[in-house]
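Chains, contacts and geometry: an overview
In case you want the letters, here they are:
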Amino acid sequence: MVKGNGASDARTAKVIQLYASPPEAPSREQVRRRHPSQQKSTERTDSGIERTPTTPRRPRAPRPAPPRAGHPNPGGAGHPNTDDFLADPADVTPISKDMATRLDAAGLPVRPTGSPLFSLSSLRSTLADSVIAGAGYLRERLTGDYEVDDFGFDQHFTENVFLPAMRVLFDKWFRVEVTGIENIPAEGGALLVANHAGTLPIDALMTSVAVHDHHPQHRFLRILAADLAFESPFVGQLARRTGSTLACTADAERLLRGGELTGVWPEGFKGVGKLYKDRYKLQRFGRGGFVTTALRAAVPIVPVSIVGSEEIYPMLSDLKPLARLVGLPYIPVTPTFPALGPLGLVPLPSKWHIHFGKPIETSQYDEQAADDPMVVFDLTDHVREEIQQTLFRMLSRRGSVYFG
């Protein structure tokens, strides 16, 4: 079935806080369609004993808050994600304990990140959930109880096959930490703009899981992908079924006007294929086409900063002559590829952190703003700087690259 931040500058967008409203009680239909792993009738205690949710839980003593130094700029207005940024962009690690405390006082949420890389019990639980989800998927698929929209998005397939597979990477391999999810609107369209890295665009997939699993409304992220993704066998069909569409103005504007969360990685191949020595240094954001689309659709722009994606395939060199010969944007040389052959395609288990920044509102602009090069340029530069400075701050308080 088909169904159709801070001290304001005159040249920059006004940054406002847009928090998701508290979620309403889920309807019976919403409960039915949630992932089976979220519908368990029992809970497992720390000792491994299963109990029903009605069993009283022994209260835990609150964790003492870490001591905080005085804020470097108390009461001062400024950029929501980059105020009091004190680390040198050329050398963000290591930093002194005093500097770490001052950065922590600047307001970027940081939570404990000591999650284990391997856990036998959690792997067994994940496998059981996958089997249950697969059985339900096959039953409903055979009865034809699913829908596909005009872009080819198959929500039934995405919820029951794609997302459970991606959660293994998200939860067990990359151990992704998510902050700022309240900055994504509870409903309506919004354009998520993120930094791009990692040799393969796994960061887009992990962002999709973060939005769906951590947002109170479990919203889907519609990814704007490059032409190459849809020209590749199997990958193109999978991308369509999981909600991706071509990164063109017409499709993007239609999704945003339809109230969809849409994600774009404006660095493109320049970002995902950059060398490891240039990690976390943003490339050009093109000509600002994503800003033009957001202005025309009058939707907020949510800057997204991703730390961890640069280390999954550290790109040491690029075989450009061979890449041009086979028609690819680049052919990477990493510590494991091509030396280890197919094993070199296994990503390294870096610890990830995805932060969703405060939205940049565009609804206050008039209809002509989308055709004004200066407005588009200023907004593009504003979004890029927001993401870059947030990345620096996240890196300055980062622990181990692979062990958190």
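Our subject in this report is the structure included herewith. Think of each chain on its own: its residues are numbered from 1, step by step along the sequence as written. Reporting in this predicted model follows two pLDDT cut-offs: at least 70 for local features of residues, and 80 or more for side-chain atom pairs to be given and counted; totals over whole chains, interfaces and linings ignore these cut-offs and use all residues. With hydrogens and water stripped out, all remaining heavy atoms of the structure feed into the side-chain values.

Observations concerning the overall build of the chain
Heads up, the rule is: We count a stretch as a helix when DSSP gives it H or I for four or more residues in a row; a strand needs E for two or more, and each element gets its number in order from the N terminus. Using a 1.4 Å probe on the protein chains alone, a residue whose accessible area is under 20% of its type maximum counts as buried, one over 50% counts as exposed, and one in between counts as partly exposed. Using a 1.4 Å probe, accessible areas were evaluated by the Shrake-Rupley method; residue-level cover was limited to the displayed protein chains.
On a plain count of helices and strands, the chain comes out with 12 helices and 13 strands. Counting over 404 residues, the chain shows a buried share of 43%. Accessible surface for the chain amounts to roughly 21,400 Å². Of this, 58% is attributable to carbon and sulfur atoms.

Structural notes on the pairing of strand 9 (residues 261–264)
The line we're drawing: The criterion for strand pairing is that DSSP finds at least two bridges linking the strands in question.
On strand 9, burial covers both faces: Leu261 and Gly263 on one face and Thr262 and Val264 on the other are all buried. In this sheet, strand 9 lies alongside strand 6 (residues 190–194) in parallel orientation, the contact comprising four bridges. Within the sheet, the bridge partner assigned to valine 193 lies in strand 9 and is valine 264. Strand direction decides the pairing type here: strand 7 (residues 221–225) and strand 9, joined by three bridges, are parallel. Among the inter-strand pairings, isoleucine 223 is bridged to a residue of strand 9, identified as glycine 263.

Describing the packing of aromatic side chains
Stated formally: Only the six-membered ring of Trp is used, alongside the rings of Phe and Tyr, when aromatic pairs are assigned; centres must lie within 6.5 Å, and planes under 30 degrees apart are stacked while those over 60 apart are edge-to-face, with the rest tilted. By definition here, charges over rings are those cases where NZ of Lys or CZ of Arg is within 6 Å of the ring centre and within 35 degrees of the ring normal.
The tally for this structure, following the rule as stated, stands at three aromatic pairs. Both rings, one in phenylalanine 285 and one in phenylalanine 290, keep their centres 6.0 Å apart while their planes meet at 75°; by these two values the pair is edge-to-face. For phenylalanine 285, a relative accessible area of 4% gives the class buried. Directly above the ring of phenylalanine 230 sits arginine 240, whose terminal nitrogen or CZ lies 4.6 Å from the centroid. For arginine 279, the ring lying beneath its charged end belongs to tyrosine 276, and the centroid distance is 4.2 Å.

Looking at helix 5 (residues 202–214)
In plain terms, the rule: Between the first and last residue of a helix there are one fewer steps than residues, each counted as 1.5 Å, and that sum is the expected span.
Here helix 5 contains 13 residues, and its C-alpha end-to-end distance of 18 Å stays within 8% of the 18 Å for a straight helix at 1.5 Å per residue. Extensive coverage of helix 5 is indicated by the burial of 11 of its 13 residues.

Description of the nonpolar core
Selection criterion: We define the nonpolar core as a collection of buried residues of types Ala, Val, Leu, Ile, Met, Phe, Trp, Tyr and Cys that are connected through side-chain atoms lying within 4.5 Å of one another. The contact rule is simple, with two residues in contact once any of their heavy atoms fall within 4.5 Å.
Of all hydrophobic cores here, the largest spans 34 residues; its most connected members are Leu192, Met206, Trp352, Ile354 and Phe356. Mapped onto this core, the elements with two or more residues apiece are helix 4 (155–173), strand 6, helix 5, strand 7, strand 10 (301–307) and strand 13 (353–356). With six residues, helix 5 is the single largest residue contributor to this core. Beyond its immediate stretch of four places on either side in the chain, isoleucine 354 contacts Val176, Glu177, Val178, Thr179, Met206, Thr207, Ala210, Val304, Ser305 and Ile306. Grouped together as the second largest cluster of nonpolar side chains are 30 residues, Val264, Val291, Ile301 and Leu391 included.

Description of the sheet that holds strand 6
Inclusion rule: The angle between two axes is taken between their N-to-C directions and runs from 0 to 180 degrees, where each axis is a line fitted to C-alpha atoms and a helix contributes only its stretch in contact.
The strand order across the open sheet built from seven strands is 5-13-10-6-9-7-8, with neighbouring strands paired in mixed fashion. A single partner strand is all that each edge strand has here, and the edge strands are strand 5 (177–179) and strand 8 (245–246). Pairing of strand 5 with strand 13 involves three bridges; the strand directions are parallel. Its bridge partner lying in strand 13, glutamate 177 is registered against histidine 353. Seen against the sheet, helix 5 touches strand 5, strand 6, strand 7, strand 9, strand 10 and strand 13 and runs at an angle of roughly 65° to strand 13. Packed on one face of the sheet, helix 10 (residues 289–297) meets strand 6, strand 9 and strand 10 and runs near 165° to strand 6.

A short note on the packing of helix 10 against helix 12 (residues 373–396)
Note the following rule: To sort the angles, those under 35 degrees are grouped as roughly parallel, those over 145 as roughly antiparallel, those from 65 to 115 as roughly perpendicular, and the leftovers as oblique. Residues are grouped as follows: Ala, Val, Leu, Ile, Met, Phe, Trp, Tyr, Cys and Pro are nonpolar; Asp, Glu, Lys and Arg are charged; all remaining types, including Gly, are polar.
Contact pair helix 10 / helix 12: the axes reach a minimum separation of 9 Å and the direction vectors enclose 110°. Taken together, the axes of helix 10 and helix 12 lie roughly perpendicular to each other. Between helix 10 and helix 12, the contacting residues are Phe290, Val291, Thr292 and Leu295 on the first element and Val375, Val376, Leu379, Thr380 and Val383 on the second. Class assignment for the residues of the contact of helix 10 with helix 12 results in seven nonpolar, two polar and no charged.

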